[in-house]
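Chain by chain, the residues run as shown.
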Amino acid sequence: MRAVPMFLIMLSCTVSSALAQDPVTVDPAHYKLEFENDDVRVLRITYGPNEESVMHYHPAGVVAFLTDGHTQFTLPDGQTVETEGKAGEVIWTEAGPHLPKNLRGQPFEVILVEMKAPAGSN
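Described below are features of the structure shown in this document. (Residues numbered from 1 in each chain as written. Predicted model: local features only at pLDDT ≥ 70, side-chain atom pairs only at ≥ 80, totals over all residues. Heavy atoms only, no water.)

**Observations regarding the sheet that holds strand β8 (residues 96-102)**
The criterion, for reference: We call two strands paired when DSSP finds no fewer than two bridges between them. Secondary structure elements are defined from DSSP: runs of H or I of at least 4 residues count as helices, runs of E of at least 2 residues count as strands, and each element is numbered from the N terminus. Only C-alpha atoms enter the line fits that serve as axes; for helices the fit covers just the stretch in contact. Angles between N-to-C directions range over 0 to 180 degrees.
Spatially, β3-β8-β5-β6 is the arrangement adopted by the four strands of the open sheet, whose pairing is antiparallel. Each of the sheet's edge strands pairs with one partner strand only, and the pair in question is β3 (56-58) and β6 (80-85). Averaged over neighbouring strand pairs, the angle between their axes works out to 45 degrees when direction is ignored. As judged from the four bridges shared by strand β5 (residues 69-74) and β8, these two strands associate in the antiparallel manner. Along β8, the bridge assignment pairs glutamine 72 with lysine 101.

Structure representation (structure tokens):
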């Protein structure tokens, strides 16, 4: 009887850690650390035509599009969300896990500034 609850706890921890994986670690081909300090982490994200990543997590942040982009994000529950951005556009993005895919037949590049601490907490 004790084995089942322990198994469920272990499975839950495994799923949680899988969803919270750092993209720089799990997908260095697409995610490059450009800058980091106590407040922010800046990533350069590049995808080739129609490339996709693995499930990973980002804290809330600001995305600056260096190229036009059309991206699909698969969420942990299997739901998909498509987004589009134009070169030069800057948007806010909420924290969360996702699996991104470049839906364009052209390379895609953005800069992501991830927030480390809530605003005004310093």
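Read on for the rest.
**Regarding the layout of surface pockets**
To keep things clear, this is the line we draw: A cavity here means a set of points on a 1 Å grid, drawn over the protein atoms and nothing else, where a 1.4 Å probe fits but cannot get out; a pocket is an open set with protein on both sides within 12 Å along at least five of seven lines, and a residue lines either one if it has an atom within 4 Å of a point. Grid points are joined across faces, edges and corners, and a volume is the space filled by probe spheres set on the points. Polar here means any residue outside two lists: the nonpolar Ala, Val, Leu, Ile, Met, Phe, Trp, Tyr, Cys and Pro, and the charged Asp, Glu, Lys and Arg; Gly therefore counts as polar.
Size it by volume and the largest pocket reaches roughly 470 Å³. Around the largest pocket, the lining is made up of 25 residues, and of these Val63, Phe73, Thr83, Thr93 and His98 lie nearest the centre. A per-element tally of the lining of the largest pocket places β8 first, with four residues. The residue makeup of the lining of the largest pocket, split by class, is 16 nonpolar, seven polar and two charged.

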